[in-house]
Amino acid sequence: MKKKRNWYDFLWIWAIVYFSLGFFNILFAWLGLIDFIVPLIFAIFAGNKGFCNNFCGRGQLFAFLGGKLKASRNKAAPKWISSKVFRYGFLIFFLTMFANMIFQTYLVASGAENLKEAIKLFWTIKVPWGWAYTAGAVPDWVAKFSFGFYSLMLTSTLIGLVVMLLFKPRTWCTFCPMGTMTQTICKAKISLENNKKNNKTEKEA
């Protein structure tokens, strides 16, 4: 029986649109904050990973390319990729890079550094991106954040594509920093709710 498709199965289109828009105008990179803020809202208020499981455009893109288009070897990934040590280690590294991006944005905002119109792939390879931004269109710090955030989003997507090709389509999701953060929040929320229930039961007893 053919599996019924839901509207969110087509959110891979959003991932393509996002990177396409950023290619022509780097300021569209700010739209990527949706993929940072919404998962946290799901985890904090709903206590689940609904966004990661269903509404993540990149996750749907990997599922589409690797599953629908058969671009994945569909092999099980090494166990260390989904291990707690690797997942939290990658999360710490990711947050460190994100903090550095914010710091670089601050330096430009304060006038300590000039705006450099370049994308950094894998945090080291500089790719000139001058055609995607008109100097003076917005304050330099806004553009700086755009270049930095687009670099972060593009790099993480490229990593996801590599592991998609080598292993199962959504292997990236097993160690995605946002997934690790939301999972941690969900566990903490469940633990807190259980403690409240236990305390209430003890009081009633």
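In case you missed it, the structure is sitting above this.
Residues numbered from 1 in each chain as written. Predicted model: local features only at pLDDT ≥ 70, side-chain atom pairs only at ≥ 80, totals over all residues. Heavy atoms only, no water.

Considerations on the side chain of S146
And step 1. Residue position: S146 is located in helix 6 (residues 140-166).
And step 2. Those residues in contact with S146 that lie beyond four places of it in its chain are I26, L27, A29 and W30. (Helix = DSSP H or I, 4+ residues; strand = E, 2+ residues; numbered from the N terminus. Contact = heavy atoms within 4.5 Å.)

Digging into the pairing of strand 1 (residues 118-121)
And step 1. Burial along strand 1 is one-sided: I119 and L121 are buried, and none of A118 and K120, which face the opposite way, are.
And step 2. Connecting strand 1 to the antiparallel partner strand 2 (residues 125-128) that follows it, the hairpin turn spans 3 residues, and F122 within it adopts a positive phi of roughly 55 degrees. (Buried < 20%, exposed > 50% of the residue type's maximum accessible area, 1.4 Å probe, protein only. Pairing = 2+ DSSP bridges.)

Some points on the pairing of strand 2
And step 1. In terms of strand pairing, strand 1 meets strand 2 through 4 bridges, oriented antiparallel. Each bridged residue has a counterpart across the sheet, and for A118 the counterpart in strand 2 is P128.

Comments concerning helix 5 (residues 84-110)
And step 1. Across its 27 residues, helix 5 extends 38 Å between first and last C-alpha, which sits within 8% of the 39 Å expected from 1.5 Å per residue.
And step 2. Here helix 5 has its buried residues at R87, F90, L91, F94, M101, T105, L107 and V108.
And step 3. Directly after helix 5, the chain includes G111, whose backbone phi takes a positive value near 85 degrees. (Expected span 1.5 Å × (residues − 1).)

Points about the state of the cysteines
A covalent bond between the sulfur atoms of two cysteines is what we call a disulfide.
And step 1. In this structure the tally under the stated criterion is 0 disulfides.
And step 2. Between C186, a cysteine without a disulfide, and C52, which holds the nearest cysteine sulfur, the sulfur-to-sulfur distance is 8.3 Å. (Disulfide = S-S within 2.5 Å.)

Here's the deal with the packing of aromatic side chains
And step 1. Tallied over the full model, the rule gives 28 aromatic pairs.
And step 2. Seen from their ring centres, W7 and F55 are 5.5 Å apart, and the 20 degrees between their planes marks the pair as stacked. Taken together, the positions of W7 in the segment before helix 1 (12-24) and F55 in helix 3 (residues 50-55) put the pair 48 residues apart, joining distant regions of the chain.
And step 3. Given a relative accessible area of 61%, W7 falls into the exposed group.
And step 4. Here F55 falls in the partly exposed class, since its relative accessible area comes to 23%.
And step 5. The interplanar angle of 5 degrees and the centroid separation of 4.1 Å between the aromatic rings of W12 and F64 together place this pair among those described as stacked. Here the residue W12 occupies a position in helix 1, and F64 occupies one in helix 4 (residues 57-68), the gap between them amounting to 52 residues. Note on accessibility: W12 and F64 belong to one class, buried.
And step 6. Chaining the aromatic ring pairs together yields one cluster made of W30, F36, F94, F98, W141, F145 and F149. (Phe/Tyr/Trp six-rings, centres within 6.5 Å; stacked < 30°, edge-to-face > 60°.)

Here's the deal with a nonpolar patch on the surface
And step 1. On the surface, a nonpolar cluster with roughly 420 Å² of combined accessible area is contributed by I37, I41, I44 and F45.
And step 2. Along the chain, the position of I41 falls in helix 2 (residues 34-46).
And step 3. Given the relative accessible area of 42%, I41 is considered partly exposed. (Patch = residues over 30% accessible without salt bridge, like charges linked within 9 Å, V, L, I, M, F, W, Y side chains within 5 Å. Areas by Shrake-Rupley, 256 points an atom, 1.4 Å probe, with all protein chains shown as cover. Salt bridge = Lys/Arg side-chain N within 4 Å of Asp/Glu carboxyl O.)

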